[in-house]
Amino acid sequence: VESRVHRILRPLATFHVLGEWSRLQQLAKVQSPLSENERLLGVYENHPGLVDEIVAFTETGMYLREAGGWFSVRYAEIVNAESRNTGKTETSEITLLLSSGLQKALPIHGGTGRFRDVFQVLRFFDRLAEDRTDDLSNDEK
């Protein structure tokens, strides 16, 4: 996961590689949802400088800051990730289908035109799914 974050998400303008929660000013004021042994890899700011809709990526899952607190999901729970918007230049949301049957909208607002950040975040989830499939295939051998 860490190498996928480094290669795919790190180049995004509003993504910050962080090892500590308080290293991003707006997060220092907010209680961390991470478990004691969970390692923060980075955060994506949908609204630079604000904590609203910030997405935190760890080695095991991600957290989305919503009005009522944090929504969390483990990568292993994500069955599918897709963009449902029809216009590629307006796409700013990923729909996550979870193993529980829940569908969750993940906002990714950055980038412009053909270079919307949503496509890179989708690629991140696709690569994680491929990695899990490869791991399962190797376990069967």
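What this report covers is the structure whose coordinates are included nearby. Chains are numbered independently. Their residues run from 1 in the order of the written sequence. Restriction of local features to residues with pLDDT of at least 70 applies here, the model being predicted, together with a cutoff of 80 or more for giving and counting side-chain atom pairs; totals for whole chains, interfaces and linings are based on all residues. Note that water and hydrogens are dropped before the side-chain values are worked out from all heavy atoms of the structure.

### Let's talk about the overall build of the protein
When you go through the protein residue by residue, the secondary structure sums to two helices and eight strands. Ordered by position from the N terminus, the helices and strands of the protein form the series α-β-β-β-β-β-β-β-β-α. Here the protein has a C-alpha radius of gyration of 15 Å; the compact-globule value for 141 residues is 14 Å, and the two agree. Taken along its principal axes, the extent of the C-alpha atoms in the protein is 50 × 40 × 30 Å. Accessibility here uses a 1.4 Å probe with only protein chains present; expressed as a share of the type maximum, an area under 20% marks a residue as buried, one over 50% as exposed, and anything in between as partly exposed. Looking at the protein as a whole, 41% of its 141 residues are labelled buried. Note on contacts: a residue pair is in contact if any heavy atoms of the two residues lie within 4.5 Å. Taking the contacts inside the protein whose residues are at least 6 apart along the sequence as the reference set, 46% of them involve residues at least 24 apart. Under the convention used here, a 1.4 Å probe and the Shrake-Rupley method define accessible areas, while residue burial counts only the protein chains that appear. Accessible area of the protein: about 8,000 Å², with a carbon and sulfur share of 46%. Going along the chain from the N terminus, every DSSP run of H or I of four or more residues is numbered as a helix, and every run of E of two or more is numbered as a strand. Here the globule rule reads 2.2 Å times residues to the power 0.38, and the radius of gyration is calculated from C-alpha atoms.

### Focus on the nonpolar core
In summary, soluble globular proteins display a tendency toward joint burial of nonpolar side chains. Residues grouped as a nonpolar core are buried Ala, Val, Leu, Ile, Met, Phe, Trp, Tyr and Cys residues, joined through side-chain atoms within 4.5 Å. Within the largest apolar cluster, 27 residues are counted, with the highest numbers of intra-cluster contacts made by Phe-57, Met-62, Ile-94, Leu-96 and Phe-125. Per element, the largest residue contribution to this core is six residues, and it comes from helix α2 (residues 117-140). In this view, Phe-57 contacts Leu-9, Phe-15, Leu-40, Leu-41, Gly-42, Tyr-44, Met-62, Tyr-75, Phe-124 and Phe-125; residues no more than four positions away in its chain are not counted. With twelve residues, the next largest nonpolar core counts Leu-24, Leu-40, Ile-54 and Ala-56 among its residues.

### Some words on the environment of Val-121
Its location among the elements puts Val-121 in helix α2. Along the backbone, Val-121 and Asn-46 are 75 residues apart, and their C-alpha atoms lie at a distance of 12 Å. Apart from the residues within four sequence positions on either side, Val-121 is in contact with Leu-9, Leu-12, Ile-94 and Ile-108.

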